[in-house]
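# Structural overview
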Amino acid sequence: MAGTSVLLHCRSLLWIGSRGVTSGAINNNFSFVLKQSVRDFCSKMSAAELAKKAAACAAVDNHVTDNCMLGVGSGSTIVYAVERLADRVKTENLKVQCVPTSFQARQLIINHGLNLSDLERTPELDVAIDGADEVDDQMNLIKGGGGCLTQEKIVAVNAKYFVVIADYRKRSKVLGEQWKKGVPIEVIPMAYKPVISQLCMQFGGKAELRMAKAKAGPVVTDNGNFIIDWQFDAVPENWKSVNQEITLIPGVVETGLFVNMAKKVYFGMDDGTVSIKE
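Residues numbered from 1 in each chain as written. Predicted model: local features only at pLDDT ≥ 70, side-chain atom pairs only at ≥ 80, totals over all residues. Heavy atoms only, no water.

## Some words on the sheet that holds strand β6 (residues 134-135)
In spatial order, the strands read β6-β7-β13; together these three strands make up an open sheet with antiparallel pairing. Taken across any chain shown, the strands that pair with only one partner, and hence form the sheet edges, are β6 and β13 (257-258). With two bridges connecting them, β6 and strand β7 (residues 141-142) associate as antiparallel partners. Residue pairing across strands places Glu134 opposite Ile142, the latter belonging to β7. (Pairing = 2+ DSSP bridges. Helix = DSSP H or I, 4+ residues; strand = E, 2+ residues; numbered from the N terminus.)

So, in structure tokens, the structure goes:
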């Protein structure tokens, strides 16, 4: 199914903007309803936001079931996933335990009245759904644009199935093609200077401490650490090896490289369809 474009699940389409359309109407003229839904929402949402919502809805509909233990990712696309999840929990009376990957995710879960859990109480997850800053043809990811990479990776590796949701702008042949801000690396604050030096000496490119925009000083993660953004000059042949070598640098907590982790990626397209890669 790699790269196959698929229409949104009926429930997703209904939630996106056709609540007043009956199931019969969808069965009789699904294509017309889809086009009408896209037209209706294009006036209210940008193509990118529409794409995010489409991918999020499809993933939640296809992977969340009753009694599901769910890892909830972070970022702008996850907002739509939580909204769809809350809608399904309410209408279908689903029982879902939600483990967040960040303060943002935790607040989304609480504010939507969903069951909040953690890895201490729910150490094994059925599925984790999260966004990405970029996805290459091998389904390697760059994550951490929002600074939540460490908790996101911890939750993802403890899920039986890791699903990624993103809009069409995040799809690349190779990492670095679309995402130009580099690979986020979480570091212990006292080690940021030595880590920057080691990164540049060992891998080349440029590494910078990420500075905050709404406060003086650097970005501080939910774990109390700093973020370094490493911009590589050339695309490495083996991202797995690079990731392992970076994590061995003293002071590095985790990288935003998610290599061989994603099982399926849902790309929302600008026409309201969803392309699935697996």
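## Notes on the packing of aromatic side chains
For the structure on display, the rule yields five aromatic pairs. Aromatic side chains Tyr192 and Phe226 sit 6.0 Å apart centroid to centroid with 65 degrees between the ring planes, which places their arrangement in the edge-to-face category. Of this pair, Tyr192 sits in helix α8 (residues 192-203) while Phe226 sits in strand β11 (residues 226-231), and the two are 34 residues apart along the sequence. A relative accessible area of 25% means that Tyr192 is categorised as partly exposed. Here Phe226 falls in the buried class, since its relative accessible area comes to 16%. Summarising the aromatic geometry, the rings of Phe232 and Trp239 are spaced 5.1 Å apart at their centres and angled 75 degrees between planes, so their arrangement reads as edge-to-face. (Phe/Tyr/Trp six-rings, centres within 6.5 Å; stacked < 30°, edge-to-face > 60°. Buried < 20%, exposed > 50% of the residue type's maximum accessible area, 1.4 Å probe, protein only.)

## Examining the packing of helix α4 (residues 47-63) against helix α5 (residues 76-92)
Put simply, α4 and α5 touch, their axes get as near as 8 Å, and they point 45 degrees apart. Relative to α5, the element α4 lies oblique. Our pair here, α4 against α5, has a crossing hand that is right-handed. Mapping the contact onto sequence places Glu49, Lys52, Lys53, Ala56, Cys57, Val60 and Asp61 in α4 and Ser76, Thr77, Tyr80, Ala81, Arg84, Leu85 and Arg88 in α5. Per-class residue counts for the contact of α4 with α5 are six nonpolar, two polar and six charged. (Axes fitted to C-alpha atoms, helices over the stretch in contact; angles between N-to-C directions. Parallel < 35°, antiparallel > 145°, perpendicular 65-115°, else oblique. Left-handed = near helix turned anticlockwise from the far one by under 90°. Contact = heavy atoms within 4.5 Å. Nonpolar A, V, L, I, M, F, W, Y, C, P; charged D, E, K, R; others polar.)

## Some thoughts on the layout of surface pockets
Empty space among the atoms becomes apparent when a probe as large as a water molecule is rolled across them. Empty space within the largest pocket amounts to approximately 320 Å³. Along the wall of the largest pocket there are 13 residues; nearest its centre are Gly145, Lys181, Arg210, Lys213 and Asp229. Elements that contribute at least two residues to the lining of the largest pocket include exactly β10 (206-209) and β11. Its boundaries defined by the atoms lining it, the second largest pocket holds a volume of some 250 Å³. Together, 19 residues line the second largest pocket, and Ser74, Gly75, Ser76, Ala132 and Asp133 are the ones closest to its centre. Those elements giving two or more residues to the lining of the second largest pocket turn out to be α5 and β8 (159-167). (1 Å grid on protein atoms, 1.4 Å probe; cavity = no way out; pocket = protein on both sides within 12 Å on 5 of 7 lines; lining within 4 Å. Points joined across faces, edges and corners; volume = space filled by probe spheres on them.)

## Some thoughts on the sheet that holds strand β9 (residues 183-187)
Taken in spatial order, the four strands of this open sheet run β10-β11-β9-β12, and their pairing is antiparallel. Only two strands of the sheet have a single neighbouring strand rather than two, namely β10 and β12 (252-255). Looking at each pair of strands side by side, their axes are set apart by 25 degrees on average, direction ignored. Bridge count between β9 and β12: three bridges; the pairing is antiparallel. Each residue of the ladder has a partner; that of Glu186, found in β12, is Glu254. Running over the sheet, helix α9 (residues 239-247) touches β9, β11 and β12 and is turned about 160 degrees from β12.

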